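Tertiary structure, described
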Amino acid sequence: MSEEKSKRARARRLPALLVALSIGVAGVAWAGCGSSSNDSSSEAQERIEKGVEEAKQGIEKGKDEAQKGIEKGREEAQRGIERGKKEAQRGLEEAEKRAQEYAP
């Protein structure tokens, strides 16, 4: 169970991490500009916009992967529940059978 919680926590943190990375990349691009000319500013702006777009794509991909993981976990949980029901039913039947054997 703790492994599933860990995976979910990582999936929730992924979008925030991607946004933080894109902001960092944009900051580096902005700081690396160094020149006050319009060409440098527009180039830095393009880099920032590209970084933001890449971050958005990363967030979408992370969101999709997280959703797939949630669905897979839900399906596995459902299969586990079904197996548990079957095992409980078998145990009940076995107990009833033994009770009948020992009944007077």
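The preceding data block contains the structure.
Residues numbered from 1 in each chain as written. Predicted model: local features only at pLDDT ≥ 70, side-chain atom pairs only at ≥ 80, totals over all residues. Heavy atoms only, no water.

**Details of the overall build of the protein chain**
Helix and strand content of the protein chain: two helices and zero strands. Burial analysis of the protein chain (104 residues in total) assigns 11% to the buried set. Total accessible area computed for the protein chain in this model is approximately 8,700 Å², and 54% of it derives from carbon and sulfur atoms. (Helix = DSSP H or I, 4+ residues; strand = E, 2+ residues; numbered from the N terminus. Buried < 20%, exposed > 50% of the residue type's maximum accessible area, 1.4 Å probe, protein only. Areas by Shrake-Rupley, 256 points an atom, 1.4 Å probe, with all protein chains shown as cover.)

**Remarks on the environment of E43**
Position of E43 among the secondary structure elements: in helix α2 (residues 38–102). A polar side-chain atom of E43 sits 2.6 Å from a polar atom in the side chain of R47. (Polar contact = N/O pair within 3.5 Å; in protein donor to acceptor, adjacent residues only side chain to side chain.)

**Considerations on the environment of E54**
Relative to the helices and strands, E54 resides in helix α2. Sequence separation of E54 and V19 is 35 residues, and the distance between their C-alpha atoms is 9.4 Å.

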